[in-house]
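Descriptive analysis of the structure
Residue-level listing of the chains:
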Amino acid sequence: MDKKDLANLLYPNITKTIEDLEKMYPERKLNDKAMVCRFAPSPTGRMHMGNLYASFIPEVIAKQTNGVFILRIEDTDNKRAIENGIELILNDLEHYNYIINEDPIKGGAYGPYIQTERKEIYHTVAKYLVSIDRAYPCFCSEDDLNNMREEQEKRKDRIGYYGHYAKCRNLSYDEVKKHLENGDKWVLRLKSNGDFNKKIIFKDLVKGTIELPSNDIDQVLIKSDGIPPYAFAHVCDDHFMRVTIVTRDDSYISSVPYHLEIWNACGFKPPKYAHLLPLNIKDNNTIRKISKRKDPTAAVAFYHERGIPVEAIKLYFATIMNSNFEGWYLQNQDKSYRDFEFSFSKMSKSGPLFDLEKVINISKNYLSKLKAEEVYDNALTWSLEYDKEFAKILQKYKDYTIDVLNIERNVKKPRKDFSCYSEIKSCIWYMYDELFDQQLQYNFDNIKYKKEIATILKEYLENYYNENDDKDTWFNKMKQLADKLGYASDIREYKENPTLYKGNISDVANVIRVAVTTSNKSPDLYMILKLLGRDRIEKRFSIFY
RNA sequence: GGCCUGUUGGUGAAGUGGUUAACACGGUACCCUCUCAAGGUAUUAUUCACGGGUUCAAGUCCCGUACAGGCUACCA
């Protein structure tokens, strides 16, 4: 029997040939080192840190090799797809400034980029496989397959459609024709020629050399709805998109022999595989893969709301992707993570644990090194979405706010007060009258002589305060004030003879600090006073007279 | 059941046969300081899941056990 007739019987409407596809999607003209990578999520909802990390890796590799980064939507399982799934994914990727060269919206020369729109391609390859006798139609029903499975379990055989269990393997042309005329449902299966007892060896970019039993199962290439399951779609797509490195979840590793058999059957050159360990999360002392449903704190939205800088998240990803990144970055603080040479072989072979504490640490360091203007811009962007009241204030007092954010910033060891944009307000709110007047709860817990508060404030304002003093002068005056009121101006001396004094200069400074900020913790008091100016200081002091 | 993979401190981890097991986060103590944040110094695994073996020498190689994860679908 000529298999070409069978191919035509099964796919009468497919007129293109595999050669046509090769011409339509030619090899990319890139230099040898350039890698074509892709992120291929299912449109099942918003991203979480796990798939954000999974997309970071191919993006970084593509960019660093001057290659191509593709977003492809794997929606072949229509039961799980949600309506605006593509937009949600694209929005999150764009929010993180991923550089995407080809995607479903933007398009590209190797599209379509949505699997359900690539049916013709899959059918063309499928028809080819039938014509060379590497695929065949199977009319087994669900019941047939269940019975088969039960029998295999009873006999303790391996489960699957293979060997003599593959009943439809050798149906004649006429038998097939009869089934089709009956309107029987069918799937297309691979005609495997593998031997389970033989091993195949392949090299994974992350895990190294792996040895697995060959595939001998006639797996499904095209489902009865005409859409391929993952494996076949992956081969067709990654071949005709000319992907050179397939990054995907580690769980696919045991089906590599099957995938390689398809690649070979099609006559395609397989890509390099990099199987990535999923990001884990710790939950009640158990470690498990991040789950969209169970881990709201892993959702990308959670980090948006908190205003964790996207750069900090990416620095964190870089840190867990290659452990030698962190040391490099410490030495090259002025450079971008893009300048670091990432490699798959440096990736962890056991799943990394998502560590929020570390993210916060990275974020604090990152924010402390940012220019005040940048902090201002980003904080404003964040506030416009999540705190409109604060956004108004930021807009009203732009230059002033930048001055406030600049306190102890452009120095060798800048402050690290906040780890995200949502924390800024709680660090500087008292610098704005609108917010200060709303909430007057003073914390005098550490003040020694509460009766003297008014005295200290009055004395300071009347006899020591001068708006134009520089920092040294200001501090000397603080010392004088302390001396005059019976507090030690030298802390060391106070520690030696605590009984001789009411307290020390820090007690005096703190009275002023609390009066002006309500808190006994603040950045440099001199700068705060300077930025507030005489009128506002007077007003805030006057509450205590 | 079968087949893979992994298991190093409170945490993330480096380590591919050879002196006292990097580094970072976190913790603790002290120092500095007008408070805080930072910073500085010190400290934080006699030991690499467990049991055997190979070797002059093992976290590193081999075997077994335990635990964890994955695959074994017309899910990805």
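Because the structure is predicted, anything quoted here is derived from the model rather than measured.

Pairing within the open sheet is antiparallel, and its 3 strands lie in the order 3-4-7. The sheet terminates laterally at strand 3 (135–138) and strand 7 (220–222), the two strands that pair on one side only. Along the sheet, successive strands turn relative to each other by an average axial angle of 45 degrees, direction set aside. Direction of pairing for strand 4 (residues 187–190) relative to strand 7: antiparallel, over a ladder of 2 bridges. Within the sheet, the bridge partner assigned to Arg189 lies in strand 7 and is Val220.

Let us look at the environment of Phe544. With respect to the secondary-structure elements, Phe544 resides in the segment after helix 23 (525–542). Owing to 15 C-beta atoms within 10 Å, Phe544 belongs among the partly exposed residues under this scheme. In sequence terms Phe544 and Lys458 are 86 residues apart; their C-alpha atoms lie 9.3 Å from each other. Leave out the neighbours within four places in its chain, and Phe544 touches Ile453, Ala454, Leu457 and Ala515.

Once that is clear, we can look at the protein's contact with RNA strand B. By nearness alone, 57 residues border RNA strand B, and Glu74, Asp77, Ser251, Ser350 and Ser506 come closest of all. Among the secondary structure elements, those contributing two or more residues to the surface near RNA strand B are strand 6 (208–213), helix 12 (325–331), helix 13 (356–369), helix 22 (505–517) and helix 23.

With that out of the way, let us pick up unusual backbone geometry. A positive phi is found at Arg242, a non-glycine position, where the angle reads about 60 degrees. With respect to the helices and strands, the residue Arg242 is situated in the loop between helix 8 (230–240) and strand 8 (245–249). A positive phi angle, near 55 degrees, is found at Glu408, a position not held by glycine. When you line up the elements, Glu408 lands in the loop between helix 16 (398–405) and helix 17 (424–428). Among the residues examined, Glu408 registers 13 C-beta atoms within 10 Å and is labelled partly exposed.

For the rest of this paragraph, the subject is the pairing of strand 3. Judged by which residues are buried, strand 3 turns out to be covered on both faces: Ala135 and Pro137 on one side and Tyr136 and Cys138 on the other are all buried. Two strands pair when backbone bridges link them, and strand 3 and strand 4 are joined in this way by 4 bridges, in the antiparallel orientation. Note on strand 4: the bridge partner recorded for Cys138 is Val187.

Relative to the assigned elements, Lys223 resides in the loop between strand 7 and helix 8. Classification of Lys223 as partly exposed rests on a count of 16 C-beta atoms within 10 Å. Linking Lys223 and Val187, residues 36 residues apart in sequence, is a C-alpha distance of 5.0 Å. In contact with Lys223, not counting residues within four places along its chain, are Val187, Pro228 and Pro229.

A separate point is the packing of helix 8 against helix 9 (residues 256–266). Running from N to C, helix 8 and helix 9 cross one another at 45 degrees; their axes reach a closest spacing of 10 Å. Judged by the inter-axis angle, helix 8 sits oblique to helix 9. Note that helix 8 runs across helix 9; the crossing there is right-handed. The residues of helix 9 that touch helix 8, namely those facing Ala231, Phe232, His234 and Val235, are Tyr258, His259, Ile262, Trp263 and Cys266.

In this model helix 20 (residues 471–485) runs 21 Å from its N-terminal to its C-terminal C-alpha over 15 residues, within 8% of the 21 Å that 1.5 Å per residue would give. Along helix 20, the residues that are buried comprise Met478, Leu481 and Ala482. Across the axial projection of helix 20, the buried residues extend over an arc of 100 degrees, all falling on one side. Every exposed residue of helix 20 that faces more than 90 degrees away from the buried side is listed here: Asp472 and Thr473. Summarising the contacts, the buried residues of helix 20 are in contact with helix 19 (453–463), strand 12 (487–488), strand 13 (503–504) and helix 22.

Judged by which residues are buried, strand 1 (residues 36–39) turns out to be covered on both faces: Val36 and Arg38 on one side and Cys37 and Phe39 on the other are all buried. As paired elements, strand 1 and strand 2 (residues 68–71) share 4 bridges and run parallel to each other. Its bridge partner being in strand 2, Val36 is matched across the sheet by Val68. Considered for its hand, the β-α-β crossover made up of strand 1, helix 3 (residues 49–64) and strand 2 is right-handed.

A separate point is the confidence of the model for chain A. Looking at chain A, pLDDT values average 88 and 96% of them are 70 or higher. Across chain A, element-level confidence peaks in strand 2 with a mean pLDDT of 96 and bottoms out in strand 11 (residues 286–289) with 70. For this predicted complex, the interface confidence comes out at an ipTM of 0.87, alongside a pTM of 0.90.

Another aspect to go through is the environment of Lys412. Here Lys412 is to be found in the loop between helix 16 and helix 17. Expressed as a C-alpha distance, the spacing of Lys412 and Lys369, which sit 43 residues apart in the sequence, is 9.5 Å.

Turning our eyes to something else, we now look at the packing of helix 1 (residues 3–10) against helix 5 (residues 119–131). The N-to-C vectors of helix 1 and helix 5 enclose an angle of 150 degrees; their axes lie 7 Å apart at closest approach. Taken together, the axes of helix 1 and helix 5 lie roughly antiparallel to each other. In this structure, helix 1 meets helix 5 at a crossing whose hand is right-handed. Mapping the contact onto sequence places Lys3, Lys4, Leu6, Ala7 and Leu10 in helix 1 and Lys127, Val130 and Ser131 in helix 5. Each residue belonging to the contact of helix 1 with helix 5 can be placed in one class, and the counts come to 4 nonpolar, 1 polar and 3 charged.

The rules behind each value
Residues numbered from 1 in each chain as written. Chains lettered and ligands numbered in written order. Predicted model: local features only at pLDDT ≥ 70, side-chain atom pairs only at ≥ 80, totals over all residues. Pairing = 2+ DSSP bridges. Helix = DSSP H or I, 4+ residues; strand = E, 2+ residues; numbered from the N terminus. Axes fitted to C-alpha atoms, helices over the stretch in contact; angles between N-to-C directions. Buried ≥ 20, exposed ≤ 12 C-beta atoms within 10 Å, placed from the backbone. Contact = placed C-beta atoms within 7 Å. Near = placed C-beta within 6 Å. Parallel < 35°, antiparallel > 145°, perpendicular 65-115°, else oblique. Left-handed = near helix turned anticlockwise from the far one by under 90°. Expected span 1.5 Å × (residues − 1). Arc of directions from axis to C-beta. Right-handed = clockwise from strand over helix to strand, strands pointing away. pLDDT = per-residue confidence, 0-100. Nonpolar A, V, L, I, M, F, W, Y, C, P; charged D, E, K, R; others polar.

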